[in-house]
Amino acid sequence: MIKLSSVIITFNEERNIGRCIESLAGIADEIVVVDSGSTDKTEAICRSLGVKYIHHTFEGYGEQKNFGTSNCSFDYILSLDADEALSSELKESISALKNNWDKDGYSFNRLTNYCGKWIHHCGWYPDSKLRLFKKNKAKWSESKLHEKLILNDPENCESIKGDLLHYSYFSIEEHIKQVNKYTEIASKDDFKDGKRSSIIMILFAPVIRFIRDYFFLLGFLDGYYGFIICRISAHASFIKYAKLYELQKTKNKH
């Protein structure tokens, strides 16, 4: 049977971290938490649960996860975010793998809880995540947003049963605040990559996004919160392209 290390990155996650760590019971032989300066009870909770706790200045999501992986004792890695937890079915799948591991990486679906409701549409599910891998066969992209695990051999991967449970936002206000943070990063990354915005994109990209998520991706089946998610996603598209347009205007002035 292989030994499995689990890596969790944190920042002020007192509300979630206990659930995440406890879901790893009987699965992870080592739990490494990489914290970027929490000021709440995150550290106290982690230490009370006996994990390996490391402070590391935040440089980007990919960088944090690569740092965590480099501090693992074992060659087989399960990467989680603090607001995630393993479902019973996923735990069973991973447990079986520990006795019969033959791929470089394994993926599984992520199911998101939004304000107390599980979301099965809106483009949020199935949300396949590659999180289980052999240490020397993969590396996280060094992106400040939307980091991705890249396998040396992308074909040597398999999907397993069970959902990764994602406890995303506890309120609509939290979601809106996060939109402002993420669009700030995304617009700057897009600008750096040479992407550009326009008045046409600012006007129509949000409309297209809403129609896609709410109608074509069946967001309406998730009821009230399905509508809220699709509406905020459309708004996020508007904000990102507006911020990108402002960056262009600022550059042109110089």
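Relevant structure appears above.
Our subject in this report is the structure included herewith. Quick caveat, the model's predicted, so the values are computed rather than measured.

Reading the values: the criteria
- Residues numbered from 1 in each chain as written.
- Predicted model: local features only at pLDDT ≥ 70, side-chain atom pairs only at ≥ 80, totals over all residues.
- Heavy atoms only, no water.
- Helix = DSSP H or I, 4+ residues; strand = E, 2+ residues; numbered from the N terminus.
- Rg over C-alpha atoms; globule rule 2.2 N^0.38 Å.
- Buried < 20%, exposed > 50% of the residue type's maximum accessible area, 1.4 Å probe, protein only.
- Contact = heavy atoms within 4.5 Å.
- Areas by Shrake-Rupley, 256 points an atom, 1.4 Å probe, with all protein chains shown as cover.
- Axes fitted to C-alpha atoms, helices over the stretch in contact; angles between N-to-C directions.
- Left-handed = near helix turned anticlockwise from the far one by under 90°.
- Nonpolar A, V, L, I, M, F, W, Y, C, P; charged D, E, K, R; others polar.
- Core = buried A, V, L, I, M, F, W, Y, C linked by side-chain atoms within 4.5 Å.
- Phe/Tyr/Trp six-rings, centres within 6.5 Å; stacked < 30°, edge-to-face > 60°.
- Pairing = 2+ DSSP bridges.
- Salt bridge = Lys/Arg side-chain N within 4 Å of Asp/Glu carboxyl O.

### Thoughts on the overall build of the protein chain
Link 1 in the chain: Secondary structure summary: the protein chain contains seven helices and 11 strands in total.
Link 2 in the chain: In terms of C-alpha radius of gyration, the protein chain reaches 19 Å, essentially the compact-globule figure of 18 Å for 254 residues.
Link 3 in the chain: Burial statistics for the protein chain: of 254 residues in total, 49% are counted as buried.
Link 4 in the chain: In the protein chain, of all internal contacts separated by at least 6 residues, the share reaching a separation of at least 24 is 74%.
Link 5 in the chain: Element-wise, carbon and sulfur atoms account for 53% of the exposed surface of the protein chain, whose accessible area totals about 13,100 Å².

### Some details on the packing of helix H5 (residues 172–192) against helix H7 (residues 223–253)
Link 1 in the chain: Closest axis-to-axis distance for the H5/H7 pair is 8 Å, and the angle between their directions is 35 degrees. As H5 packs across H7, the resulting crossing turns out to be right-handed. Contacts between H5 and H7 involve Ile 172, His 175, Ile 176, Val 179, Asn 180, Thr 183, Glu 184, Ala 186, Ser 187, Lys 188, Asp 190 and Phe 191 from the first element and Tyr 224, Tyr 225, Ile 228, Ile 232, Ala 236, Ile 239, Lys 240, Lys 243, Leu 244, Leu 247, Gln 248 and Lys 251 from the second.
Link 2 in the chain: Residue classes in the contact of H5 with H7 are distributed as 13 nonpolar, five polar and six charged.

### Here's the deal with the nonpolar core
The tendency in soluble globular proteins is for nonpolar side chains to be buried as a group.
Link 1 in the chain: Ranked by size, the top nonpolar core spans 28 residues in total, and within it Ile 8, Leu 78, Leu 86, Ile 94 and Leu 132 carry the most contacts.
Link 2 in the chain: Those residues in contact with Leu 86 that lie beyond four places of it in its chain are Ser 23, Leu 24, Ile 27, Leu 78, Leu 80, Lys 91, Ile 94, Asp 163 and Leu 164.
Link 3 in the chain: Among the nonpolar cores identified, the runner-up in size contains 15 residues, and Tyr 114, Cys 122, Cys 230 and Ile 232 belong to it.

### Considerations on the packing of aromatic side chains
Think of a pair of aromatic rings as described by two things: how far the centres are apart, and how the planes are tilted against each other in angle.
Link 1 in the chain: Scanning all chains against the criterion turns up 14 aromatic pairs.
Link 2 in the chain: Note on Tyr 114 and Trp 124: the rings are 5.8 Å apart at their centroids and 75 degrees apart in plane angle, and the pair reads as edge-to-face. In this pair, Tyr 114 sits in strand E6 (residues 105–114) while Trp 124 sits in the loop between strand E7 (117–119) and strand E8 (127–134), placing the two residues 10 residues apart along the sequence.
Link 3 in the chain: Using a relative accessible area of 0% as the deciding quantity, one classes Tyr 114 as buried.

### Here we look at unusual backbone geometry
Link 1 in the chain: Looking along the chain, the bond that leaves Tyr 125 and enters Pro 126 is cis, with omega of -5 degrees.
Link 2 in the chain: Mapping Pro 126 onto the fold places it in the loop between E7 and E8.
Link 3 in the chain: Despite not being glycine, Cys 115 shows a phi value in the positive range, around 55 degrees.
Link 4 in the chain: Turning to its location among the elements, Cys 115 is positioned in the loop between E6 and E7.
Link 5 in the chain: Phi is positive for Leu 218, close to 60 degrees, though the residue is something other than glycine.
Link 6 in the chain: When you line up the elements, Leu 218 lands in the loop between helix H6 (199–216) and H7.
Link 7 in the chain: Residue Leu 218 is classed as partly exposed on the basis of its relative accessible area, which comes to 34%.

### Notes on the environment of Thr 69
Link 1 in the chain: Among the secondary structure elements, Thr 69 is positioned in helix H3 (residues 61–70).
Link 2 in the chain: Taking the C-alpha atoms as reference points, Thr 69 and Lys 161, 92 residues apart in sequence, are found 24 Å from one another.
Link 3 in the chain: Residues in contact with Thr 69, not counting those within four places in the same chain, are Val 7, Ile 77, Phe 133, Lys 135 and Trp 140.

### Remarks on the environment of Arg 212
Link 1 in the chain: Note that Arg 212 resides in helix H6.
Link 2 in the chain: Arg 212 sits in the partly exposed class, given a relative accessible area of 42%.
Link 3 in the chain: Sequence separation of Arg 212 and Phe 191 is 21 residues, and the distance between their C-alpha atoms is 25 Å.

### Section: the pairing of E6
Link 1 in the chain: Of all the 10 residues making up E6, nine are buried; the element is thus mostly covered by neighbouring parts of the structure.
Link 2 in the chain: Pairing analysis gives six bridges linking E6 to E8, with the strands arranged antiparallel. Each residue of the ladder has a partner; that of Ser 107, found in E8, is Leu 130.
Link 3 in the chain: As defined by bridge partners, E6 adjoins E7 across three bridges and the pair is classed as antiparallel. Opposite Tyr 114, over in E7, you have Lys 117 as the bridge partner.

### Concerning the pattern of salt bridges
Link 1 in the chain: Tallying each qualifying case throughout the model produces 18 salt bridges.
Link 2 in the chain: One salt bridge in this structure joins Arg 15 and Glu 174, with 2.9 Å as the shortest N-O distance. Linking Arg 15 in the loop between strand E1 (4–10) and helix H1 (17–23) with Glu 174 in helix H5, this pair joins segments that are 159 residues apart in sequence.
Link 3 in the chain: In this structure, the salt-bridge partner of Glu 84 is Arg 131, at a minimum N-O distance of 2.7 Å. Residue Glu 84 is located in strand E5 (residues 84–86), and its partner Arg 131 is located in strand E8; the two are separated by 47 residues in the primary sequence.
Link 4 in the chain: Among the residues examined, Arg 131 registers a relative accessible area of 5% and is labelled buried.
Link 5 in the chain: Shared partners join several salt bridges into a network, and the residues in it are Lys 65, Asp 81, Glu 84, Arg 110, Asp 127, Lys 129, Arg 131 and Glu 147.

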